[in-house]
Amino acid sequence: MTARTRSWSALFALCLGFFMVMLDVGIVNIAVPSMVRELGTDLTTVIWVTSVYLLAYAVPILPAGRMGDRFGPKRVFVAGLLVFTAASLWCGLSGSVETLIAARAVQGFGAALLTPQTTAFITHLFPPDQRGPAMGAWGSVAGLAMITGPVLGGVLVDQLGWEWIFFANVPVGLLALTLTVFLVPDWRPGNSHRFDVPGILLFGAGLVCVVFGVQNGQTYDWGTVGAGIGIPHIIGTGLLLLGVFVLWQRADRREPLLPLRIFRHRDFSLGAASAVAVGFAMTSTLLLLAVYVQSVLGLSPADAGLLIAPLAVVSGSVAPFAGRLSDRVSPKYLLMFGLLSLGGGLGVVSLVIIPASSPQALIPGLLLCGLGVGFTFSPMSNVTLNAVERSLVGSASGIFNTARQVGGVLGSAAVGVLVQANEPSALTDAIKTAFLLPVGVLLLGLLCSAGMRAGRRRPIGQDRSPDRMTATR
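Here the residue index of a chain counts from 1 through its sequence in written order. In view of the model being predicted, local features appear only for residues whose pLDDT reaches at least 70, and side-chain atom pairs are presented and counted only at 80 or more, with totals across whole chains, interfaces and linings using the full set of residues. Side-chain calculation: all heavy atoms of the structure are included, whereas hydrogens and water are not.

Selection rule: UniProt positions are given in the numbering used here, feature names are shortened, and annotations may be inferred rather than shown by experiment.
Taking an unreviewed UniProt entry as the reference, the protein is identified by name as Drug resistance transporter, EmrB/QacA subfamily belonging to Amycolatopsis azurea DSM 43854. The record in UniProt for the protein states the following under Subcellular location (unreviewed entry): "Cell membrane".

Here it is, written out as structure tokens:
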């Protein structure tokens, strides 16, 4: 087996695990109406099933990247797969929404352990002039998983019940684990990092407070939660903690969780901001579509999933092409095209959202969204991670993935506030209004990508003799 073949075989194993993780970001959305009915709870509570996963995913990603540097990416990736697969089984066995939320938190932690190892391995397995196709494959996995989640989830929920969207992870997780053990090299960067515990606690607590306040504000009428503590106090505390987190990162001269000097690279900063926008738009859009087509149009979960299938087909078809193309032209322009197409598609979808709309009327907008997704993930990853020197790639990968997940957390929380109505006409109006959020956020992402300087040049600080696969198995 040649070195190139070994590299692609290892990437396949890594992408299989990553696909499963990204699949669970979107697959739950299609099951939300079924969970509300069968678990005897309300929409706000069920949205926490998505939000807690994204929170537990976003907060540990930065230290997880350092764990890979210290203990070896393969070992941390395997640990993440084990945690994720076991937690998936726990989710399926949950008999109450409280137990399900707890299991989803553990599942999100497993996802956080393995995600940054995938992009770190790409920089190790492939020399810089071959990373475009590899990033294209990785990007297509991310985009395709988030879109096919509702399709697969709809079939499973309709035929077997919502529990099976989690049970299905178990055999896939075991297969990914087996392939990883045999195909992925035991690369050990050997960097002895310290772990910024105060930074982790400040970031996690701040993000939890902000998300809790935003998502549950409507439930408490934006007033008092208890003991004289109100929703504004909780959100304000979260913002204060996040501000203290930034100050702590600036003051920590040893090894901060978030090395602020990485943001001196303009393309990286703007790429991370674009990742927040994309995460917000994708998560909120899939949730809004799932609620609309089932609760307003009356489609079954399977039919709802199949309605989104064309989006998945287009996205999966164009993503590898976009990855290869990003090696030949500036990925900045590919990213701008992707964000513009995604935002335009969402705009078209919002125009046809009425109580008596035909499901087929959504397809043109969804196809345009699929084109946008396909041209977004791999160019965005390429331009963002190639903007920093090699010594910062691990941190850059963690921050980039964190940015996307933070966007997803905020997206699910924001639309959860707006979509609270019970009557179909009122719910339709709420969803139509809520669609303005992802469109507006994508516009900000488009402005960020327009400000990039990315071109066909050697990445900053790039090694002239890139690493090869010299690690022992």
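Once the structure has been displayed, the description carries forward.
1. Focus on the overall build of the protein
Counted only if it meets this: Each helix corresponds to a stretch of at least 4 residues labelled H or I by DSSP, and each strand to a stretch of at least 2 residues labelled E; elements are numbered beginning at the N terminus. Radius of gyration: C-alpha atoms only; globule rule: 2.2 Å multiplied by the number of residues to the exponent 0.38. Residue exposure (1.4 Å probe, protein chains only): buried if accessible area is under 20% of the type maximum, exposed if over 50%, otherwise partly exposed. Here a residue-residue contact requires only that any non-hydrogen atoms of the pair lie within 4.5 Å. Methods summary: accessible areas were calculated by the Shrake-Rupley approach with a probe of 1.4 Å, and residue burial reflects only the protein chains presented. Positive residues here are Lys and Arg, negative ones are Asp and Glu, while His and the chain termini are left out of the count. Positions of charges follow a simple convention, taking NZ of Lys, CZ of Arg, CG of Asp or CD of Glu.
Helix and strand content of the protein: 19 helices and 2 strands. The C-alpha radius of gyration of the protein comes to 21 Å, within 12% of the 23 Å expected for a compact globule of 473 residues. When the backbone C-alpha atoms are referred to their principal axes, the protein occupies close to 65 × 50 × 45 Å. Looking at the protein as a whole, 60% of its 473 residues qualify as buried. Considering only residue pairs separated by 6 or more positions, the protein has 85% of its internal contacts joining residues 24 or more positions apart. Total accessible area computed for the protein in this model is approximately 17500 Å², and 66% of it derives from carbon and sulfur atoms. Once the 30 positive and 21 negative side-chain charges of the protein are each reduced to a mean point, those two points are 16 Å apart.

2. Concerning the side chain of Thr384
The following threshold applies: For this analysis, a polar contact is any N or O atom pair within 3.5 Å, provided that within protein one partner can donate a hydrogen and the other can accept it, and provided that sequence-adjacent residues contribute only side-chain to side-chain pairs.
Along the chain, Thr384 turns up in helix α16 (residues 377–385). Residue Thr384 is classed as buried on the basis of its relative accessible area, which comes to 0%. At 2.6 Å, the side chain of Thr384 forms a polar contact with the backbone oxygen of Met380. If near-sequence neighbours (up to four positions away) are discounted, Thr384 is found in contact with Asp267, Phe268, Gly271, Ala272 and Phe400.

3. What to know about the nonpolar core
One broad trend across soluble globular proteins is that nonpolar side chains are buried collectively. Let me state the cut-off plainly: In this text, buried Ala, Val, Leu, Ile, Met, Phe, Trp, Tyr and Cys residues form a nonpolar core when linked through side-chain atoms within 4.5 Å.
One finds Met35, Tyr57, Ile165 and Ile431 to be the most contacted residues of the largest nonpolar core, which totals 126 residues. For this core, the element with the highest residue contribution is helix α12 (residues 266–296), accounting for 15 residues.

4. Section: the domain arrangement of the protein
Condition: Just so you know, the domain bounds were taken from an automatic or database domain assignment. Here the quantity called buried area is the total loss of accessible area, with a 1.4 Å probe, experienced by two parts when brought into contact, counted for both. Each salt bridge in this description consists of a side-chain nitrogen of Lys or Arg and a carboxyl oxygen of Asp or Glu lying within 4 Å of one another. Each residue gets one label: Ala, Val, Leu, Ile, Met, Phe, Trp, Tyr, Cys and Pro are nonpolar, Asp, Glu, Lys and Arg are charged, and the others, such as Gly, are polar.
Per the domain assignment, the segments of the protein are domain 1 (1–186), domain 2 (197–256) and domain 3 (262–453). Its C-alpha centre places domain 1 at a distance of 19 Å from the equivalent point of domain 3. On the side of domain 3, 51 residues touch domain 1, which itself brings 48 residues to the contact. Summed over both sides, the interface of domain 1 with domain 3 buries roughly 3800 Å², with 71% coming from carbon and sulfur. Summed over the shared surface of domain 1 and domain 3, the result is 0 salt bridges. Where domain 1 packs against domain 3, one counts 2 residue pairs in polar contact (both at pLDDT 80 or more). Elements with a contribution of two residues or more to the side of domain 1 that touches domain 3: α1 (3–26), α2 (32–38), α3 (43–58), α4 (61–71), α6 (97–125) and α7 (131–159). The biggest single contributor to the side of domain 1 that touches domain 3 is α7, with 20 residues. Of the residues assigned to the side of domain 1 that touches domain 3, the class counts are 27 nonpolar, 17 polar and 4 charged.

5. Some points on the packing of aromatic side chains
Aromatic ring pairs are described here by two measures, namely the spacing of the ring centres and the angle between the planes. The cut-off we apply is this: The pairing test for Phe, Tyr and Trp rings, Trp by its six-membered ring, is centres within 6.5 Å, and the orientation test on the planes gives stacked under 30 degrees, edge-to-face over 60, and tilted for anything in between.
Tallied over the entire structure, the rule returns 8 aromatic pairs. Seen from their ring centres, Phe263 and Phe268 are 5.6 Å apart, and the 55° between their planes marks the pair as tilted. The partly exposed category is assigned to Phe263, whose relative accessible area is 32%. Given the relative accessible area of 0%, Phe268 is considered buried. Both rings, one in Phe337 and one in Phe375, keep their centres 5.1 Å apart while their planes meet at 85°; by these two values the pair is edge-to-face. Pair noted here: Phe337 is in helix α14 (residues 331–351) and Phe375 is in the loop between α15 (363–374) and α16, with a separation of 38 residues, a long-range link. Residue classification places Phe337 among the partly exposed residues on the basis of a relative accessible area of 37%. Of the residues examined, Phe375 reaches a relative accessible area of 9% and is grouped as buried. Each member of the aromatic cluster is reached from another via a ring pair, and the members are Phe321, Phe337 and Phe375.

6. A short note on the packing of α14 against α16
For clarity, the cut-off: Fitted lines through C-alpha atoms give the axes, limited to the stretch in contact for helices. The angle between two N-to-C directions lies from 0 to 180 degrees. Oblique is the label for any angle not covered by the other classes, which are roughly parallel (under 35 degrees), roughly antiparallel (over 145) and roughly perpendicular (65 to 115). In this scheme the crossing of two helices becomes right-handed for a clockwise turn of the near helix relative to the far one and left-handed for an anticlockwise turn of less than a right angle.
At a minimum axis separation of 8 Å, α14 and α16 run at an interaxial angle of 140°. Classified by the angle between their axes, α14 and α16 sit oblique to one another. The two elements α14 and α16 meet at a crossing, and its hand is left-handed. Between α14, through Pro331, Leu334 and Leu335, and α16, the contact on the second element is made entirely by Pro379, Met380 and Val383. By residue class, the composition of the contact of α14 with α16 is 6 nonpolar, no polar and no charged.

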